[in-house]
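Single-letter residue listing:
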Amino acid sequence: MSERLSVLKTYKLYVGGKFPRSESGRVYEVTTATSAGDAAGKGTWLANAPLASRKDARDAVVAARKAFGGWSGATAYNRGQILYRVAEMLEGRREQFVAEVADAEGRSKAKAAAQVDAAIDRWVWYAGWSDKVAQIAGSSNPVAGPYFNLSAPEPTGVVAVVAPQESSFLGLVSVLAPVIVTGNTAVVVAAERAPLPALSLAEVLATSDLPGGVVNLLSGRTTELAAPLAAHQDVNALDLTGADAESAKELETAAADNLKRVLRPRAQDWSADPGTDRLLAFLETKTVWHPMGV
């Protein structure tokens, strides 16, 4: 019996709920990491990932803006249900992600499994916050007069996220989940040297009842993609977690042109309790006055 021909996986971008190749037609080689924390990618060939262009980034912003109205208008309970469904789907594909994280980050299978399990648990954790975040971010304010004065959190809008470079899956989930659970939509630049877990996550999102355009995932050169997103007039906020110190300063300057909210990069232990900082980072506060009834 002759040997079967290998069927290699074709990785694609995720934009507007669809899986396009880069409009530029470019790809780049992704290789295994030689050790945990290695970002050089000097190991064996894994796949060709799409090398997204500035045009792909702009298309992703258009898709995110189109999806914002429906997603922000959905009930918090419904958003929580969808995030929990993502966790369910990830649990069913756990072994695939363990293998991809092990290759991407140079970890043993046991350590990669711990990262994947933590990422699944984090989806569940953030799903549970969907209908509770208003309780810690909202308030009833005392005023001098016969009025109710109520403050309630609302999503900022389209958030561009530069994903962590050293934690291709747990770090990615830790920055993405809090953005979307609060009603924002996201354009994510995956870890440059280890984009495959992120691109596989897109396949899970596409089959988890998440509306197209709520999350858009791009792979490629971080500096090439982050610059147009930071300067884009229809991006409302910017998470620079995965940017290096030098480029972060330039991106923050570009973001100031339309007063984007900016979350600066900082040292992070992705296995630690995430707290509520990221849940609150991309929320606005709406205050309403209403006369008291007689």
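Each remark here, short or long, concerns the structure printed above.
Small disclaimer: the values here were computed from a predicted structure and weren't measured.

Colleague: Help me out: how do you make sense of the packing of aromatic side chains in this one?
Modeller: Two measures describe an aromatic ring pair: the distance that separates the ring centres and the angle between the ring planes. Following the criterion strictly, the structure yields five aromatic pairs and no others. With a centroid separation of 5.0 Å and 35 degrees between ring planes, the pair formed by tyrosine 14 and phenylalanine 19 is classed as tilted. On the basis of an interplanar angle of 75 degrees and a centroid distance of 5.9 Å, the ring pair of tyrosine 147 and tryptophan 289 is categorised as edge-to-face. Residue tyrosine 147 is located in strand S4 (residues 147-155), and its partner tryptophan 289 is located in strand S10 (residues 283-291); the two are separated by 142 residues in the primary sequence. Taking relative accessible area as the criterion, tryptophan 289 reaches 53% and is therefore assigned exposed. The ring centre of phenylalanine 68 lies 5.7 Å from the NZ or CZ of arginine 65, which sits over that ring. Sitting over the ring of tyrosine 28, arginine 221 keeps its end group 4.7 Å from the ring centre.

Colleague: What am I meant to see in helix H6 (residues 170-181) here?
Modeller: Because each turn of an α-helix spans 3.6 residues, side chains separated by three or four positions in sequence point in the same direction. Here H6 spans 16 Å end to end across twelve residues, near enough to the 16 Å set by a 1.5 Å rise per residue. Judged by how many residues are buried, H6 sits mostly within the fold: twelve of twelve residues are covered. Of the positions making up H6, those classed as buried are Leu170, Gly171, Leu172, Val173, Ser174, Val175, Leu176, Ala177, Pro178, Val179, Ile180 and Val181. Looking one or two residues beyond H6, the residue adopting positive phi is glycine 183, at roughly 105 degrees.

Colleague: What is the right way to read the packing of helix H2 (residues 76-92) against helix H4 (residues 109-129) from this model?
Modeller: Helix-helix packing: each pair is described by the crossing angle between the helix axes and the interaxial distance. Here H2 crosses H4 at 165 degrees, and the two axes come no closer than 8 Å. With respect to each other, H2 and H4 are oriented roughly antiparallel. When the axes of H2 and H4 are compared, the crossing they make is left-handed. Contacts between H2 and H4 involve Gly80, Leu83, Tyr84, Val86, Ala87, Leu90 and Glu91 on the former and, on the latter, Ile120, Trp123, Val124, Tyr126 and Ala127.

Colleague: Could you clarify how one ought to interpret the sheet that holds strand S9 (residues 261-263) in this entry?
Modeller: Two modes of strand pairing occur in sheets, parallel and antiparallel, and in both the strands are linked by backbone hydrogen bonds. Strand order in this open sheet of five strands is S7-S6-S5-S8-S9, and the pairing throughout is parallel. The sheet is open, and its two borders are formed by strand S7 (215-218) and S9, each paired with just one other strand. Within this sheet the neighbouring strands show an average axis-to-axis angle of 15 degrees, counted without direction. As paired strands, strand S5 (residues 158-162) and strand S8 (residues 237-239) are joined by three bridges and run parallel to one another. Directly across from alanine 160, in S8, lies its bridge partner leucine 238. The strands that helix H1 (residues 54-73) touches are S5, strand S6 (185-189) and S7; relative to S6, the one it contacts most, it runs at about 155 degrees.

Colleague: It is not clear to me how the environment of valine 143 should be interpreted in this structure. Could you clarify?
Modeller: Tracing the backbone shows valine 143 in the loop between strand S3 (139-140) and S4. Given a relative accessible area of 28%, valine 143 falls into the partly exposed group. Those residues within four positions of valine 143 in sequence are excluded, and the remaining contacts are Asn149 and Trp289.

Colleague: Can you walk me through the environment of alanine 255 in this structure?
Modeller: Note that alanine 255 resides in helix H9 (residues 245-255). On the basis of relative accessible area, alanine 255 is assigned to the buried category, the value being 1%. Residues alanine 255 and alanine 230, spaced 25 residues apart in sequence, show a C-alpha to C-alpha distance of 4.9 Å. The contacts of alanine 255, once residues within four sequence positions are left out, are Ala230, Leu238, Lys260 and Val262.

Colleague: Explain the pattern of salt bridges to me, please; I cannot follow it from the model alone.
Modeller: Any two side chains of opposite charge can pair, so long as their charged atoms come close to each other. Applying the stated rule across the entire model yields 16 salt bridges. One salt bridge connects glutamate 203 with arginine 93, and the closest N-O pair in it is separated by 2.7 Å. Separated by 110 residues along the polypeptide, glutamate 203 in helix H7 (residues 196-206) and arginine 93 in the loop between H2 and helix H3 (94-105) bring together distant segments of the chain. Of the residues examined, glutamate 203 reaches a relative accessible area of 23% and is grouped as partly exposed. A relative accessible area of 24% places arginine 93 in the partly exposed class.

Colleague: Help me understand the nonpolar core, please; the structure alone is not making it clear to me.
Modeller: What tends to happen in soluble globular proteins is that the nonpolar side chains get buried as a cluster. The biggest cluster of nonpolar side chains holds 54 residues, and the ones touching the most others in it are Leu83, Leu90, Trp123, Phe169, Ile180, Leu201 and Leu205. Filtering out sequence-adjacent residues up to four positions away, leucine 90 remains in contact with Phe97, Ile120, Trp123, Phe169, Leu201 and Val204. With 25 residues, the next largest nonpolar core counts Leu13, Ala230, Val235 and Leu240 among its residues.

Colleague: Help me understand the environment of leucine 90 in this model?
Modeller: The residue leucine 90 is located in helix H2 in this model. Residue classification places leucine 90 among the buried residues on the basis of a relative accessible area of 1%.

Colleague: What am I meant to see in the sheet that holds S4 here?
Modeller: With respect to topology, three strands assemble into an open sheet ordered S3-S4-S10, the strand pairing being antiparallel. Taken across any chain shown, the strands that pair with only one partner, and hence form the sheet edges, are S3 and S10. Bridge count between S4 and S10: nine bridges; the pairing is antiparallel. Paired with phenylalanine 148 across the strands is histidine 290, a residue of S10.

Rules behind the numbers
Residues numbered from 1 in each chain as written. Predicted model: local features only at pLDDT ≥ 70, side-chain atom pairs only at ≥ 80, totals over all residues. Heavy atoms only, no water. Phe/Tyr/Trp six-rings, centres within 6.5 Å; stacked < 30°, edge-to-face > 60°. Helix = DSSP H or I, 4+ residues; strand = E, 2+ residues; numbered from the N terminus. Buried < 20%, exposed > 50% of the residue type's maximum accessible area, 1.4 Å probe, protein only. Lys NZ or Arg CZ within 6 Å of the ring centre and 35° of its normal. Expected span 1.5 Å × (residues − 1). Axes fitted to C-alpha atoms, helices over the stretch in contact; angles between N-to-C directions. Parallel < 35°, antiparallel > 145°, perpendicular 65-115°, else oblique. Left-handed = near helix turned anticlockwise from the far one by under 90°. Contact = heavy atoms within 4.5 Å. Pairing = 2+ DSSP bridges. Salt bridge = Lys/Arg side-chain N within 4 Å of Asp/Glu carboxyl O. Core = buried A, V, L, I, M, F, W, Y, C linked by side-chain atoms within 4.5 Å.

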